[in-house]
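Structural overview
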Amino acid sequence: MPKKIRFGAFLREVNSRHRYLSYNHVTPKPAYDDNGELIPYQAPAYKLRLGVALRLIRPYVQVRLTDQMRAVIPLALYLVLFQIIVLRSDVTDAWIISAGLAAVILGLMFFMEGLRVGLMPFGVALGTSLPTRAKLPVVLTIAFMLGIGVTFAEPAIGALKAAGAIVSVESAPYLYTLLNDWSEVLVLGVGIGVGAAAVVGTLRFLYDWSLKPLIYLTLIPTIGLTLYISLNPELSKTLGLAWDCGAVTTGPVTVPLVLSLGIGIAAAAGKGGNGMSGFGIVTLASLFPILTVMGLAVYVHSVTTPSEIVASAEMINSEVQVAPWFDSTPWVETITGLRAIVPLVVFLLLVLRFVLKEKLKHPGNITYGITLSVIGMIIFNLGLTYGLSKLGTQSGSIVPAAFTTISAMENSPLYNWLTGLMIAIAFAWVLGFGATLAEPALNALGITVENLTNGAFKKSTLMYAVSFGVGCGIAIGVTKIVFNIPIAWLLIPGYLTALILTWFSNEEYVNVAWDSAGVTTGPVTVPLVLSMGLGFGNAVDAVEGFGILSMASIGPIISVLSVGLWVQWKINRHRREYDESYHIGKLATETIQS
């Protein structure tokens, strides 16, 4: 039991060993020039010994390094242990993969800290100053351009480009040309979708629009275009890529910058007091790129034929070409990192200088943050090439050995068909569930939702619902690859179910459920799952291995909406019970009084 003391005794004890110093004793004496003006005091730079400096820096680095280690190491250990224990196979190029994973951890640590110090102040400045300095059309134009810029800066977008090397041109010519010949246009199309989402999301914040109608208006044409593309045997192979692009866009760069701009505009207009005002932008940023990528696929189909694509690829492959220096490691990763960050920074600086007409505050901190971002992106790209993608492709290509014969495993299949298939599906489910449950953004979302619902929707309930949905989605995605199920057969029923649940759900739970799909697709999960799916698809001779990320997005939407309806039913039941008890108690009181 704590000991109780009087407040006077407490004050006496805490003041007993204090020494009071005059402020004049710790500050230098004022100096004046010949005109009698006060000379500003310039404090001398601190001079620290190396050991003291390292002790000061260690906590700063340790916290940030630990965050990234928690995101990478458990997933990597799970894949490695599953491969060694269950699949009875050693990890090929273990040292290269280990070095790559270390580069991923280090790169993400630098990048995330640089994003916080160097790029996020731009978002805050735009969100607070832009609405008061420019008219709405100018603001929306900048929001659109910002959406395009942040897409190129997303760490996971590199995994999308790298996937082109795995796709066979003979099996899926349109998918091949989108990921190789049209890769930059593809990323630009994704960026245009994010930019459009930023514009619509900003208008939603400004005019307090409900998210439900926007979901209906976006999904109806998206599902219609999906049906149209699914009728074309060759073009339908791009559907998995298009829907997976929606999961790549909602990363650590896009969401904070675009969200800070939209909320700032709403706050400047006096519409930012709603607790749900921050929701919805993630949903729109994940749906709009699907439309733009499908539109690009339809355009490519109209200007070229599969035979032309195959002939062009064969001609390029037949030529003996020496790769230029900028297409080899580490220069390609360095150039990619610079192209991802520098144009976005230049655009933000131009807006700050010519639109806001403001000087850059704390230029030293901003330069430090941008330098960290560039260095982190370069290191992360190296780790992505030799760590995450390599490990994901290797694991994905070996998992089918549990139930079928593959050339990479001599003793395959390791188990009978049904047992091996259940092991593969369970592997995918545990991977999705564990990776999502460890996602820091999901923990932050759970705290926010619990506060907004006054404890009705518990943080743990949300986290387990989202993780369960992602696990089921990844498991269904793996099943799709094994049985070569058309992705449209899974996506259309899934999103129709989500639309029905959305119709019956409250606005709060709709915002939470549709945004929850975006917080699960981080810079580690996306490349790992994407490369695993492609490796899995190649091992079982599937046409393409895309679609796992899209199923991992629809899964948590359905699970959170379902849990939300259950929570809503419980709240209504408690209210009815309270009303009934209050009514009975009131009748009893009236009877006694009469």
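Report on the accompanying structure.

Rules behind the numbers
- Residue numbers restart at each chain and count upward from 1, following the sequence in its written direction.
- It should be noted that, the model being predicted, local features are given only for residues of pLDDT at least 70 and side-chain atom pairs only at 80 or more, the latter also being counted only at that level, while totals for whole chains, interfaces and linings use all residues.
- Here the side-chain values reflect all heavy atoms present in the structure, with hydrogen atoms and water set aside.
- Counting from the N terminus, the helices are the DSSP runs of H or I reaching at least four residues and the strands are the DSSP runs of E reaching at least two.
- Burial classes: relative accessible area under 20% of the type maximum marks a residue as buried, over 50% as exposed, and values in between as partly exposed (1.4 Å probe, protein chains only).
- Residue-level accessible areas treat just the shown protein chains as cover; the underlying method is Shrake-Rupley with a 1.4 Å probe.
- Take the buried Ala, Val, Leu, Ile, Met, Phe, Trp, Tyr and Cys residues and link them wherever side-chain atoms come within 4.5 Å; each set so joined is a nonpolar core.
- Stacked, tilted and edge-to-face pairs are distinguished by plane angle, under 30 degrees for stacked and over 60 for edge-to-face with tilted covering the rest, among Phe, Tyr and Trp rings (Trp via its six-membered ring) whose centres lie within 6.5 Å.
- By definition here, a salt bridge exists when the distance from a side-chain nitrogen of Lys or Arg to a carboxyl oxygen of Asp or Glu is within 4 Å.
- The axes are straight lines fitted to the C-alpha atoms, using for helices just the contacting stretch, and the angles between their N-to-C directions are given from 0 to 180°.
- In this scheme, roughly parallel covers angles under 35 degrees and roughly antiparallel covers those over 145, while 65 to 115 is roughly perpendicular and the rest are oblique.
- Residue contacts follow a heavy-atom distance rule, with two residues in contact if any of their heavy atoms lie within 4.5 Å.
- Amino acids are sorted into nonpolar (Ala, Val, Leu, Ile, Met, Phe, Trp, Tyr, Cys and Pro), charged (Asp, Glu, Lys and Arg) and polar (every other residue, Gly among them).
- By convention the crossing between two helices is left-handed if the near helix lies anticlockwise of the far one by an angle smaller than a right angle, and right-handed if it lies clockwise.
- Here a helix's expected span is defined as the number of its residues, less one, multiplied by 1.5 Å.
- Each patch is built from residues lacking any salt bridge and having more than 30% relative accessible area; the joining distance is 9 Å for like charges and 5 Å for nonpolar side chains (Val, Leu, Ile, Met, Phe, Trp, Tyr).

**Let's talk about the overall build of the protein chain**
Helices and strands together make up the secondary structure of the protein chain, namely 21 helices and 0 strands. For the protein chain, with 594 residues in total, the buried portion stands at 49%. Only carbon and sulfur atoms are counted for the fraction: they give 65% of the accessible area of the protein chain, which is about 29500 Å².

**Some details on the nonpolar core**
L241, W514 and F546 are the most contacted members of the largest nonpolar core, which totals 129 residues. Core analysis: the next-biggest nonpolar cluster, separate from the first, contains 38 residues, V150, V345, I370 and V374 among them.

**Re the packing of aromatic side chains**
Enumeration over the complete set of coordinates arrives at 14 aromatic pairs. Geometrically, the ring pair formed by W182 and Y299 is edge-to-face, given 6.0 Å between the ring centres and 80° between the ring planes. Within this pair, whereas W182 is found in the loop between α6 (173-179) and α7 (183-207), its partner Y299 is found in helix α11 (residues 281-303), the two being separated by 117 residues in sequence. Through a chain of ring-to-ring contacts, three or more aromatic side chains come together here, namely W429, F433, Y464 and F468.

**Here we look at the pattern of salt bridges**
A side chain of one charge can pair with a side chain of the opposite charge when the charged atoms of the two come close. As enumerated under the stated definition, the model contains 6 salt bridges in all. Across the pair R116 and E113 runs a salt bridge, and its minimum N-O distance is 2.6 Å. Of this pair, R116 and E113 both sit in helix α3 (residues 94-133), 3 residues apart, roughly one helical turn. With a relative accessible area of 47%, R116 lands in the partly exposed category. For R133, the salt bridge identified is with E358, shortest N-O distance 3.3 Å. With R133 in helix α3 and E358 in the loop between α13 (331-355) and α14 (363-398), this pair connects stretches of sequence that are 225 residues apart.

**What about the packing of helix α8 (residues 211-230) against helix α19 (residues 507-519)?**
Remark: α8 packs on α19, axes separated minimally by 9 Å, with the N-to-C direction vectors making an angle of 50°. With respect to α19, the element α8 is oriented oblique. Contacts between α8 and α19 involve L211, K212, I215 and L219 on the former and, on the latter, E507, V510, N511 and W514. Residues belonging to the contact of α8 with α19 are distributed by class as follows: 5 nonpolar, 1 polar and 2 charged.

**A look at the packing of α3 against α13**
Where α3 contacts α13, the two axes come as close as 11 Å, and the packing angle between them is 30°. Viewed along their axes, α3 and α13 adopt a mutual orientation that is roughly parallel. Read as a crossing pair, α3 and α13 show a hand that is left-handed. Residues F111, L119, F122, A125, L126, L130 and R133 of α3 pack against I341, L344, V345, L348, L349, V351, L352 and V355 of α13.

**A short note on helix α4 (residues 136-153)**
In this model α4 runs 26 Å from its N-terminal to its C-terminal C-alpha over 18 residues, within 8% of the 26 Å that 1.5 Å per residue would give. Buried within α4 are the following residues: V139, L140, I142, A143, L146, G147, I148, G149, V150, T151 and A153.

**Some details on a nonpolar patch on the surface**
Taken together, Y46, L48, L56, I57, Y60, V61 and Y368 make up a surface patch of nonpolar side chains, about 740 Å² in accessible area. Counting residues per element, the nonpolar patch draws most heavily on helix α2 (residues 50-86), which supplies 4 residues. Locating Y60 in the fold gives a position in helix α2. For Y60, a relative accessible area of 31% puts it in the partly exposed group.

**Some points on the environment of G469**
With respect to the element layout, G469 can be found in helix α17 (residues 459-483). When neighbours within four sequence positions are excluded, G469 is seen to be in contact with G555, P556 and S559.

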